[in-house]
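Spelled out, the chains give:
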Amino acid sequence: MLTISSVGRRFPTGTEALRDASLRLNAGDFVALLGPSGCGKSTLLRLIAGLDRPDSGTLTWDAGQPPAPGEVGYVFQDATLLPWASTADNVWLPLRLRGISRDQAEPAIAAVLARVGLKGFESSRPRQLSGGMRMRVSIARALVTKPRLLLMDEPFAALDEFTRHKLQADLLALHASIGCTVVFVTHSIYEAAFLARRVVLMTPRPGRIAREMDSSVSHSADTRLDPAYAALVAEISQAMEAELR
Ligand code: ADP
């Protein structure tokens, strides 16, 4: 889908966020971008989204051009919902911006809300929902345009552990049924090992790709008990320690 070659990004403040970062993204991948805070993960995600441009290096899309806006979904750590709007109206937003009426959008809104487990909450306002449910609305909003690429920037970092585990499992089921490409930013080794088919470890700033690890984790109901999961956590931990040495 995308080849990122020797990308560098230095901000006008002088901060060099990325240096010589290279990565290949295949269609259908679930990639975790893992690294310590400030290593340039969000910067790389913004470059992939086309929200920022590199100072050096290239991003080459197999399709010959970057995806159109509706083909990329973006989910942030904060659910960033309109506080006065209902669940359904929040999910409608990206379609509304494309000139699609609420009536026209209704089937897509209903389908995506059912998919993220929010059937029955169409009329609720964000303040009536739990943090996990607000994040589900945010994911539904990102998916309503049927993106080919879903970019997620630490979406579960602010949730309690019980809610996070549930959302992680549900995200895997969503990915299995939708099949879009996911790039998931996290600073949690456990989260990366649980979710990703490929874990991309970044170095501390300026961020480079230190190592890529393929996962053989089963992604079944008992993933956290799978010896392959424990082995991957250990492998990532060792690689991270080697990077920080
Ligand atoms: P991460 O997502 O890994 O925590 P970021 O990509 O957000 O890291 O940031 C990498 C570095 O670049 C940090 O030191 C951050 O402060 C800096 N940075 C990010 N965005 C900007 C910006 N727009 N202007 C200046 N510095 C920035």
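Residues numbered from 1 in each chain as written. Predicted model: local features only at pLDDT ≥ 70, side-chain atom pairs only at ≥ 80, totals over all residues. Heavy atoms only, no water.

## Considering the sheet that holds strand 1 (residues 2–10)
- Reading across from one edge, 2-1-4 is the order of the three strands in this open sheet, with antiparallel pairing throughout. In this open sheet, the two edge strands, each paired with only one partner strand, are strand 2 (16–25) and strand 4 (56–61). The mean inter-strand angle of the sheet, taken between neighbouring strand axes irrespective of direction, is 15°.
- The strands touched by helix 1 (residues 41–49) within the sheet are strand 1, strand 2 and strand 4, with strand 1 carrying the most contacts at an inclination of about 125°. (Pairing = 2+ DSSP bridges. Helix = DSSP H or I, 4+ residues; strand = E, 2+ residues; numbered from the N terminus. Axes fitted to C-alpha atoms, helices over the stretch in contact; angles between N-to-C directions. Contact = heavy atoms within 4.5 Å.)

## Examining the packing of helix 4 (residues 131–143) against helix 5 (residues 161–178)
- In the contact formed by helix 4 and helix 5, the axes pass within 11 Å of each other and the chain directions differ by 20°. In terms of axis orientation, helix 4 runs roughly parallel to helix 5. Between helix 4 and helix 5 the crossing geometry is right-handed. Residues Gly132, Met135, Arg136, Ile139 and Leu143 of helix 4 pack against Thr163, Lys166, Leu167, Asp170, Leu174 and Ile178 of helix 5.
- When its residues are assigned to classes, the contact of helix 4 with helix 5 shows six nonpolar, two polar and three charged. (Parallel < 35°, antiparallel > 145°, perpendicular 65-115°, else oblique. Left-handed = near helix turned anticlockwise from the far one by under 90°. Nonpolar A, V, L, I, M, F, W, Y, C, P; charged D, E, K, R; others polar.)

## Looking at the packing of helix 2 (residues 87–96) against helix 3 (residues 102–115)
- One way to put it is that helix 2 packs onto helix 3 with a least axis distance of 9 Å and a crossing angle of 115°. What the angle tells us is that helix 2 and helix 3 run roughly perpendicular. Handedness of the helix 2/helix 3 crossing: right-handed. Judged by residue contacts, Thr87, Ala88, Asp89, Val91, Trp92 and Leu95 of helix 2 engage Arg102, Ala105, Ala108, Ile109, Val112 and Leu113 from helix 3.
- The class makeup of the residues in the contact of helix 2 with helix 3 is nine nonpolar, one polar and two charged.

## What about the packing of aromatic side chains?
- Here the structure, examined in full by the defined rule, presents three aromatic pairs.
- Ring geometry for Tyr74 and Phe76: centres 4.7 Å apart, planes at 20°, overall stacked.
- With a relative accessible area of 16%, Tyr74 lands in the buried category.
- Residue classification places Phe76 among the partly exposed residues on the basis of a relative accessible area of 36%.
- In this structure an aromatic cluster arises from ring pairing among Phe30, Phe156 and Phe184.
- When the ring centre of Trp92 is taken as origin, the NZ or CZ atom of Arg96, which lies over that ring, is 5.0 Å away.
- Its guanidinium or amino end placed over the ring of Phe194, Arg224 lies 3.8 Å from that ring's centre, counting from NZ or CZ. (Phe/Tyr/Trp six-rings, centres within 6.5 Å; stacked < 30°, edge-to-face > 60°. Buried < 20%, exposed > 50% of the residue type's maximum accessible area, 1.4 Å probe, protein only. Lys NZ or Arg CZ within 6 Å of the ring centre and 35° of its normal.)

## What to know about the pairing of strand 9 (residues 209–214)
- The pairing of strand 8 (residues 198–202) with strand 9 spans five bridges and is classified as antiparallel. Counted as the bridge partner of Met202 is Ile209 from strand 9.
- The hairpin turn running from strand 8 into strand 9, its antiparallel successor, is six residues long.

## Focus: unusual backbone geometry
- In this model, Arg205 is joined to Pro206 through a cis peptide bond whose omega is -5°.
- With a phi close to 45°, Ser6 is a non-glycine residue in the positive phi region.
- Mapped onto the elements of the fold, Ser6 is located in strand 1.
- Unlike most non-glycine residues, Thr80 shows phi in positive territory, near 45°.
- By secondary structure assignment, the location of Thr80 is in the loop between strand 5 (72–75) and helix 2.

## Overview of the domain arrangement of the protein chain
- As far as domains go, the protein chain holds domain 1 (2–67 + 148–244) and domain 2 (81–147).
- In this complex, domain 1 contributes 15 residues to the contact, which on the side of domain 2 involves 11 residues.
- Both sides of the domain 1 and domain 2 interface together cover about 1000 Å² of buried area, and 72% of this is carbon and sulfur.
- Considering only the surface of domain 1 that becomes buried against domain 2, Leu150, Leu167 and Leu174 emerge as the three largest contributors, covering 39% of it.
- Inspection of the region where domain 1 meets domain 2 yields one salt bridge.
- A salt bridge links Asp170 to Arg136; its shortest N-O distance comes to 2.9 Å.
- In this assembly, domain 1 and domain 2 are joined by two residue pairs in polar contact (both at pLDDT 80 or more).
- The leading source of residues in the side of domain 1 that touches domain 2 is helix 5, at seven residues. (Domains from an automatic or database assignment. Buried area = accessible area lost by both parts, 1.4 Å probe. Salt bridge = Lys/Arg side-chain N within 4 Å of Asp/Glu carboxyl O. Polar contact = N/O pair within 3.5 Å; in protein donor to acceptor, adjacent residues only side chain to side chain.)

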